[in-house]
Protein chains: 2
Amino acid sequence: MKYALIFGGSSFEHEISIVSAITIKDKLNIEYFIFLDSNRDFYLIDKDNMKSKYFASGEYKNSIKLEITKGGFKYKKGLLKKEFFLDFDVVINLIHGRDGEDGKIPAMLEFYKIKAITPNVEACSVSYNKVLTKAYAKEMRVNVIEYEIIDSPKTKFDFPVIIKPARLGSSIGVSIAKNQDELNYAFDVAREFDDLIIVEPFIEGIEEYNLAGCKAGDEWIFSKLEKVEKKEFLDFDKKYMDFSRKEVKINENLEIKEKFKTEFKKIYNNIFKNALIRCDFFCKDDIIYLNEINPIPGSMANYLFDDFKNVIDKLAKSVELENDIRIDYMYINKIQMAKGK
Amino acid sequence: MKYALIFGGSSFEHEISIVSAITIKDKLNIEYFIFLDSNRDFYLIDKDNMKSKYFASGEYKNSIKLEITKGGFKYKKGLLKKEFFLDFDVVINLIHGRDGEDGKIPAMLEFYKIKAITPNVEACSVSYNKVLTKAYAKEMRVNVIEYEIIDSPKTKFDFPVIIKPARLGSSIGVSIAKNQDELNYAFDVAREFDDLIIVEPFIEGIEEYNLAGCKAGDEWIFSKLEKVEKKEFLDFDKKYMDFSRKEVKINENLEIKEKFKTEFKKIYNNIFKNALIRCDFFCKDDIIYLNEINPIPGSMANYLFDDFKNVIDKLAKSVELENDIRIDYMYINKIQMAKGK
């Protein structure tokens, strides 16, 4: 399998995607690194240049510019502008947040019939918007924490509460409020990022578990079940400063893991084909709740898999393009006939 | 306002989109007609050629080929391949079904920062997948008809039932089954189009109402309330053969209309910005149910508006692009510093 990796994006998580891509570089054999800059230009990045400084300094602009086109990516070279096509089997979408996880890049890959490990448009919408995540999860009979949509800093819940912009990942714009003053402030912070704001009760002593996985053909592949250890609440920096973490606390109780797998499958089925996702769960009094779906988890949650490369290879082999639709103009011809033309 | 109209698409409703565009041609002043053929090539169609035969015959292939690019569409001309950009303010997405209503074209328009009257990616996902429509509607406190997802021709409901593939519009693949034999057949038909199949009870004597509208800035604009008159069930042909219908039965009871407007607003809010949509409702025993959301209704439901052009002009003026995101590489610089580099 020859892989291309696409990362960057016009996203609040642009930099996280770069770090994610640098991490993945050592875990998989990547043929081509495709960088989408904040201006939405595509660049082909030399493997040796896959260092965060290369992007932060703007040096990447000396790289070859790419165009997305039917079947893949191309560039033009020389005076005659000869076209070259990148030669890969599957592209891995590693753009976190906007562009990558809001459905734009998935839509374009599908439009141009490029095989990809990526959540599709529908999967992105369901994961990206927290209201839709809850709506979808309920429909699949998966528990979620109750919530309300607010358009002013008022809530029906007792403090403390969590305030979240509906449409951003990575804890951006998310705050805990212990009292009304904090809620006022948290509401303004969230409003910076989205018009749609939700509030949830902050539940003391709730446990957090992460499970990643995918369905490759008919085979379900699951990661280890991570028991998330954290203080009160991980903000943006804390969550990503230990990004390629090696020390992960695993829950090895098979019976417990089985329960999480059941919930994961309910979420993944029907909608997440071709994607490797991480479901973040809460657990309290033996009841499992879906917290959020990461349709493109940081560094693909590689640290949770024993044989990450093998997982990606299997998934890549199972990737399917959309069916073609044959247009025969039968309907128009019928109208023409009806009109006597 | 200078408009471009995009239609066609790799969609089961490709031909319907052509008919839709031909209808719109006489209702609005369109500067450019952009045809997306089934092979996903864009063509600039001369207004005089906006006739269904021109497409059915393949003649359209003699038209100028367009490329989608930042800010709009362009073509190259002459030996020097000089680039020309189409000069319009807003593009209207009139591609029904796949490509247009599944989020692909909306994603691309957003990616390339092209102002458009279109449902966005999220709006498409919520409308295109009937399971997500119901999930979203419930979350917005709008009633829906109960349903079940089936993966074999079995149902908990009493006959007659309606069988629908979850992801297609325009009644394609939808059947009524009055008994088990019909269910077996209907299930196979639906399976031709989607893996995800739903069943609903067929409710005798239920009334159907359509209401179209949009929010232009702070102003809500609603169409007339159409009382849908039909026999048992409109299949694909019946629904579209009378496509640009002039005789529409209107319910002029303001009190009743107000009730439908309330439900429409709950659906439209937050998600359908920049789109003119039509909500198809059921009504029984004074209870209103959402049946489906048409995020790009046939011929933009122009026949339901008294002053269609004015509605579109207002909506076009209110169209907003996504916010830019400034990438300052603060996070990466912080890591570099932390590493002492």
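These numbers were taken from a predicted model, which means no experiment stands behind them. (Residues numbered from 1 in each chain as written. Chains lettered and ligands numbered in written order. Predicted model: local features only at pLDDT ≥ 70, side-chain atom pairs only at ≥ 80, totals over all residues. Heavy atoms only, no water.)

A. Spotlight on the interface of chain B and chain A. Taken together, the contact pairs 73 residues of chain B with 73 residues of chain A. Approximately 6100 Å² of surface area, both sides summed, lies buried where chain B meets chain A, with 60% of it carried by carbon and sulfur atoms. Viewed at the interface, chain A and chain B are joined by 14 salt bridges. Across the side of chain B that touches chain A, the residue classes tally to 36 nonpolar, 14 polar and 23 charged. (Contact = heavy atoms within 4.5 Å. Buried area = accessible area lost by both parts, 1.4 Å probe. Salt bridge = Lys/Arg side-chain N within 4 Å of Asp/Glu carboxyl O. Nonpolar A, V, L, I, M, F, W, Y, C, P; charged D, E, K, R; others polar.)

B. Region of interest: the sheet that holds strand β15 (residues 277-284) of chain A. Residues and elements named next belong to chain A. Reading across the sheet, the four strands line up as β14-β13-β15-β16 and stay open at both edges, with antiparallel pairing between neighbours. At either margin of the open sheet sits one strand with a lone partner, and together these are β14 (219-228) and β16 (287-294). On average, each strand axis in the sheet is inclined to that of its neighbour by 25°, with strand direction left out of account. Where strand β13 (residues 207-216) meets β14, eight bridges bridge the pair, whose relative direction is antiparallel. When the bridges of β14 are listed, Y209 appears paired with K227. Contacts between helix α9 (residues 308-318) and the sheet are confined to β13 and β14, with β13 contributing the most and set at about 50° to the helix. (Pairing = 2+ DSSP bridges. Helix = DSSP H or I, 4+ residues; strand = E, 2+ residues; numbered from the N terminus. Axes fitted to C-alpha atoms, helices over the stretch in contact; angles between N-to-C directions.)

C. Looking closely at the relation of the copies chain B and chain A. For the match of chain B to chain A, the screw axis carries a shift of 0.0 Å, the RMSD comes to 0.0 Å, and the turn is 180°. Taken together, the rotation and translation relating the two chain copies correspond to the operation of a two-fold axis. Proximity to the rotation axis, assessed at the C-alpha, singles out B:A135 in chain B; its C-alpha lies 2.5 Å from the axis. By residue overlap, the copies meet face to face through one surface: 100% of the interface positions of chain B are interface positions in chain A. (Least-squares fit on C-alpha atoms with pLDDT ≥ 70 in both.)

D. Summary view of the pattern of salt bridges. Counted under the stated rule, the structure contains 58 salt bridges over all chains. With a closest N to O distance of 3.6 Å, B:K76 and B:E67 form a salt bridge. When its relative accessible area of 37% is taken as the criterion, B:K76 is described as partly exposed. Here the residues in one salt-bridge network are A:R40, A:R98, A:D99, A:D102, A:K104, B:E110 and B:E322, joined through shared partners. (Buried < 20%, exposed > 50% of the residue type's maximum accessible area, 1.4 Å probe, protein only.)

E. Molecular detail of the pairing of strand β7 (residues 90-93) of chain A. Residues and elements named next belong to chain A. Burial of the side chains of β7 extends over both faces: V90 and I92 are buried on one face and V91 and N93 on the other. Sheet topology places strand β1 (residues 3-8) next to β7; four bridges connect them, and they run parallel. Considered in β7, the bridge of I6 is made with N93. Bridge count for β7 against strand β8 (residues 116-117) is two bridges, and the pairing is parallel.

F. Structural context of the packing of aromatic side chains. Residues and elements named next belong to chain A. Evaluation of the coordinates by the stated rule reveals 40 aromatic pairs over all chains. Judged by centre distance (5.2 Å) and plane angle (80°), the ring pair of F222 and F264 falls under edge-to-face. In this pair, F222 sits in strand β14 while F264 sits in helix α8 (residues 254-268), placing the two residues 42 residues apart along the sequence. F264 matches F222 in its accessibility class, with the two residues each being buried. Among the aromatic residues, ring-to-ring pairing joins F7, F35, Y43, Y54, F55 and Y60 into one connected group. Its end group placed over the ring of F84, K77 keeps NZ or CZ at 5.4 Å from the ring centre. Directly above the aromatic system of Y209 lies the positively charged group of K227, at a separation of 5.6 Å from the ring centroid. (Phe/Tyr/Trp six-rings, centres within 6.5 Å; stacked < 30°, edge-to-face > 60°. Lys NZ or Arg CZ within 6 Å of the ring centre and 35° of its normal.)

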